[in-house]
Amino acid sequence: MAETALTDTVVSTARPAGLRGIAADWSSDQRAFKNVSWGKAMMWIFLLSDTFIFSCFLLSYMTARMSTTVPWPNPSEVFALTIGDKKIPLILIAIMTFVLISSSGTMAMAVNFGYRRDRAKTAALMLATAAFGATFVGMQAFEWTKLIMEGVRPWGNPWGAAQFGSCFFMITGFHGTHVTIGVIFLIIIARKVWRGDFDVERRGFFTSRKGYYEVVEITGLYWHFVDLVWVFIFAFFYLW
Amino acid sequence: MTNAAIPIEGQQPSLHIHVHDAPASGVSHAKGQQHPIKLYLVVWAWLFVLSTCSYLVDYFGLHGYLRWSLILLFMVLKAGLIVAVFMHMAWERLALAYAILLPPVLVLVFVAIMVFESDYTHLLRVIFFGAPA
């Protein structure tokens, strides 16, 4: 296979430090990412493109909010929940943030145990991550339901600028889709880990390529990215 | 955090398993990212603390530049921790780190353009739609 030939080529990776090293890596018709497998590099490049997509969403939200002459609904009040008989601002969103951060923590440890070839712990931690992710999506569904019942629509809402609804549904919806895809991705890889596919180098059903424990790290990159995007959504949409 | 500086080339041979790319494992920067679990737990705790801080900004109802600067500060710190430690960017080669981290910075140019544009739109709306009422 082509990539075997590529990785078998022993290349000297000694380079000068700093910018000179970057120039040396990128120049003269060679592999730019010396010790990074194609799978990991492509995941990073995909995440970069996804960064631009979310940047565009947040930018259009910024433009809508800055250019409207109608007051923007106060997210602190819109997303408040009444627990007991106290109205706590933004509490659901805060819990969602903690859930997603916890999922990132378990994912990071799953990657660690993956490289130690601890199948049981890796699979268990990945499933825990998936469970946190599913919890997050569930809470988001609850939040959507609550807002829709209160009359928020993409074309208007009871509290102020009409663009609030379209920004909210677009941004959180796209992020929620990413989380859902991540949960599915995690379950598929966790099953492979559990079955020992990466120990016996079993060929994948879809790609017919051998899998390695690095797949766990690549899955982790996607999952941490989902958490990363939420950090920005939390700051700009909910807190601003 | 001193743990963050632990170089992976000093890792134990038993943990140093790379099935593929074996010929390249003589490279100082090997592929299997191995760091102590404690590092992840510390970062996890910090992310909790920073999230709590940014939530408290809203809870106490801070306003104006103080609010915005605190939100941005906590956001950048959280994003930095996730990318550097959880995504292992701190241990990747600079060629990859720069290729991935520099392009998003250029989004700031786009932000600047849209700030001017929305100020202008807002001004027009105030002048032409706001006055008669």
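In this text the structure is predicted, and so the values were computed from the model without any measurement. (Residues numbered from 1 in each chain as written. Chains lettered and ligands numbered in written order. Predicted model: local features only at pLDDT ≥ 70, side-chain atom pairs only at ≥ 80, totals over all residues.)

Details of the overall build of chain B
1) Next: Of regular secondary structure, chain B possesses four helices and zero strands.
2) Next: Secondary structure elements of chain B occur, N-terminal to C-terminal, as α-α-α-α.
3) Next: Here chain B holds 133 residues, and the buried ones make up 20% of them.
4) Next: Intrachain contacts of chain B at a sequence separation of at least 6 include 54% that bridge at least 24 residues. (Helix = DSSP H or I, 4+ residues; strand = E, 2+ residues; numbered from the N terminus. Buried ≥ 20, exposed ≤ 12 C-beta atoms within 10 Å, placed from the backbone. Contact = placed C-beta atoms within 7 Å.)

Focus: unusual backbone geometry
All names here are of chain A.
1) Next: Its identity is not glycine, yet Leu90 carries a phi of approximately 60 degrees, on the positive side.
2) Next: Structurally, Leu90 can be placed in the loop between β2 (86-88) and α5 (91-115).
3) Next: For Leu90, a count of 22 C-beta atoms within 10 Å translates into the label buried.
4) Next: The backbone of Arg117 shows a phi angle near 60 degrees, a positive value even though the residue is not glycine.
5) Next: Tracing the backbone through its elements, the reader meets Arg117 in the loop between α5 and α6 (119-149).

A closer look at the nonpolar core
1) Next: Membership of the largest hydrophobic core comes to 76 residues, with the highest contact counts inside it found for Ala110(A), Met126(A), Ile171(A), Val229(A) and Phe234(A).
2) Next: Broken down by secondary-structure element, the contributors of at least two residues to this core are α3 (38-67), α5, α6, α7 (163-195) and α9 (214-239) of chain A together with α1 (37-59), α2 (64-86) and α3 (94-105) of chain B.
3) Next: Among the elements that take part in this core, α9(A) stands out by supplying 18 residues, more than any other. (Core = buried A, V, L, I, M, F, W, Y, C linked by C-beta atoms within 7 Å.)

Looking at the interface of chain A and chain B
1) Next: Contact residues are listed per partner, giving 52 residues for chain A and 56 residues for chain B.
2) Next: Elements represented by at least two residues in the side of chain A that touches chain B include exactly α1 (2-8), α2 (18-26), α3, α5 and α9 of chain A.
3) Next: The dominant element in the side of chain A that touches chain B, judged by the number of residues it contributes, is α5(A), at 11 residues.
4) Next: Along the lines of polarity and charge, the residues of the side of chain A that touches chain B split into 28 nonpolar, 16 polar and eight charged. (Nonpolar A, V, L, I, M, F, W, Y, C, P; charged D, E, K, R; others polar.)

Observations concerning the domain arrangement of chain A
The accessible area lost on association of the parts is a frequent measure of interface size.
1) Next: Along its sequence, chain A is organised into domain 1 (1-35) and domain 2 (37-239).
2) Next: Placing a centre on the C-alpha atoms of domain 1 of chain A and another on those of domain 2 of chain A gives a separation of 33 Å. (Domains from an automatic or database assignment.)

Description of the packing of α3(A) against α7(A)
Residue and element names in this part refer to chain A.
1) Next: Relative orientation of the contacting elements α3 and α7 amounts to 165 degrees, with a least axis distance of 10 Å. One finds that α3 runs roughly antiparallel with respect to α7. Handedness of the α3/α7 crossing: left-handed. Across the interface between the two elements, Phe57, Leu58, Tyr61 and Ala64 of α3 pack against Gln163, Cys167, Met170, Ile171 and Phe174 of α7. (Axes fitted to C-alpha atoms, helices over the stretch in contact; angles between N-to-C directions. Parallel < 35°, antiparallel > 145°, perpendicular 65-115°, else oblique. Left-handed = near helix turned anticlockwise from the far one by under 90°.)

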